[in-house]
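# A look at the structure
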Amino acid sequence: MSTDTPLMKEADADAGGNPPVDGSELIRLEQVSKRFGSTTVLDRLDFAVESGKHVTLIGPSGSGKTTILRLLMTLTKPDEGTITVAGEKLFPAPEKRVREVRKKIGMVFQQFNLFPNMSVLRNITEAPMTVLGLSGDEAEQRARELLDLVGLADKCDARPTRLSGGQQQRVAIARALAMRPQVLLLDEVTSALDPELVAGVLDVLRDIARTTDITMLCVTHEMNFARDISDQVLMFDSGRVVESGPPEQIFGAPEQERTREFLGAVL
Ligand SMILES: Nc1ncnc2c1ncn2[C@@H]1O[C@H](COP(=O)(O)OP(=O)(O)OP(=O)(O)O)[C@@H](O)[C@H]1O
Ligand SMILES: [Mg+2]
């Protein structure tokens, strides 16, 4: 990847690029509640993520982790509370503002959701051209740099179905980054992969965490990965943050019994 790409640290902004402001709050959830029928999935949740930080959500299945990411992606709405991204209200907000704020956020899912009928390159250039208005040449240059970053420079013309799951997930990461989001949301991005493919994807994410300014909010069951990349770990259970702190605290000396119990079961 060339050194002048705006994804890299201390880079400037361009189309769709929104460099984070160090130390400022990029995401804030205040008193956010979400219910499905009579089940309260998020219960007056408060938390914030600072620009440039890597925050990991851990916790048992069904505790509401994916729901948090879906709220930030505006795929679902909270029943109560406010969500602010880069100083702008995402909820409640008029539809036009939601679309603008939404551009600041990229997400990679457990299932890669690539467009099967498009080449790898097209998968990555499509949204920057249609949503950000980049020219074909600009979008292609950006896509090639990102494919280089994820170690797939030689797969530009391949169809996603010809790639391994790990390669497809790396394309999905490049596709999310092509929109130059301020924050990257990652939801168990390795859990659908064969075990031997997990390390390659985690290495790419470690690389992105180390070499770019992007803010990351990850849901993961890969505790070693969480320990490596996180500035802050949030232990989550029954729709609430049970405990939060640096990885040394959460993994080394958790204060809450629920955290100890969870880590005892998964480590
Ligand atoms: N669309 C929906 N309709 C009804 N219930 C839902 C819906 N989406 C999520 N839920 C429920 O909300 C709760 C939290 O789900 P969520 O997917 O956020 O959990 P999670 O922490 O991501 O779990 P996992 O680790 O298994 O992915 C679960 O009880 C789930 O069944
Ligand atoms: Mg989930």
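As a reminder, the structure under discussion sits directly above these lines.
### Comments concerning the packing of helix α5 (residues 165–177) against helix α6 (residues 195–211)
Closest axis-to-axis distance for the α5/α6 pair is 8 Å, and the angle between their directions is 20 degrees. It follows from the interaxial angle that α5 and α6 lie roughly parallel. Considering the relative orientation of α5 and α6, their crossing is right-handed. Judged by residue contacts, Gly165, Gly166, Gln169, Arg170, Ile173 and Leu177 of α5 engage Leu197, Gly200, Val201, Val204, Leu205 and Ile208 from α6. Tallied by class, residues from the contact of α5 with α6 come to 7 nonpolar, 4 polar and 1 charged.

### With respect to the site of ligand 1
Lining the immediate surroundings of ligand 1 are Phe36, Val41, Pro60, Ser61, Gly62, Ser63, Gly64, Lys65, Thr66, Thr67, Glu188 and His221. Taken by itself ligand 1 offers 640 Å² of open surface, and the protein chains cover 57% of this. At 3 residues, helix α1 (residues 65–72) tops the list of elements feeding residues into the shell around ligand 1. Residues that form the shell around ligand 1 fall into these classes: 3 nonpolar, 7 polar and 2 charged.

### Some details on the pairing of strand β5 (residues 88–91)
Inspection of the sheet shows strand β4 (residues 80–85) paired to β5 by 3 bridges, in the antiparallel sense. Of the residues in β5, the one forming a bridge with valine 85 is glutamate 88. From the end of β4 to the start of β5, which pair antiparallel, there are 2 residues, and alanine 86 there has a positive phi angle of about 50 degrees.

How each quantity is defined
- Residues numbered from 1 in each chain as written.
- Chains lettered and ligands numbered in written order.
- Predicted model: local features only at pLDDT ≥ 70, side-chain atom pairs only at ≥ 80, totals over all residues.
- Heavy atoms only, no water.
- Axes fitted to C-alpha atoms, helices over the stretch in contact; angles between N-to-C directions.
- Helix = DSSP H or I, 4+ residues; strand = E, 2+ residues; numbered from the N terminus.
- Parallel < 35°, antiparallel > 145°, perpendicular 65-115°, else oblique.
- Left-handed = near helix turned anticlockwise from the far one by under 90°.
- Contact = heavy atoms within 4.5 Å.
- Nonpolar A, V, L, I, M, F, W, Y, C, P; charged D, E, K, R; others polar.
- Near = heavy atom within 4 Å.
- Areas by Shrake-Rupley, 256 points an atom, 1.4 Å probe, with all protein chains shown as cover.
- Pairing = 2+ DSSP bridges.

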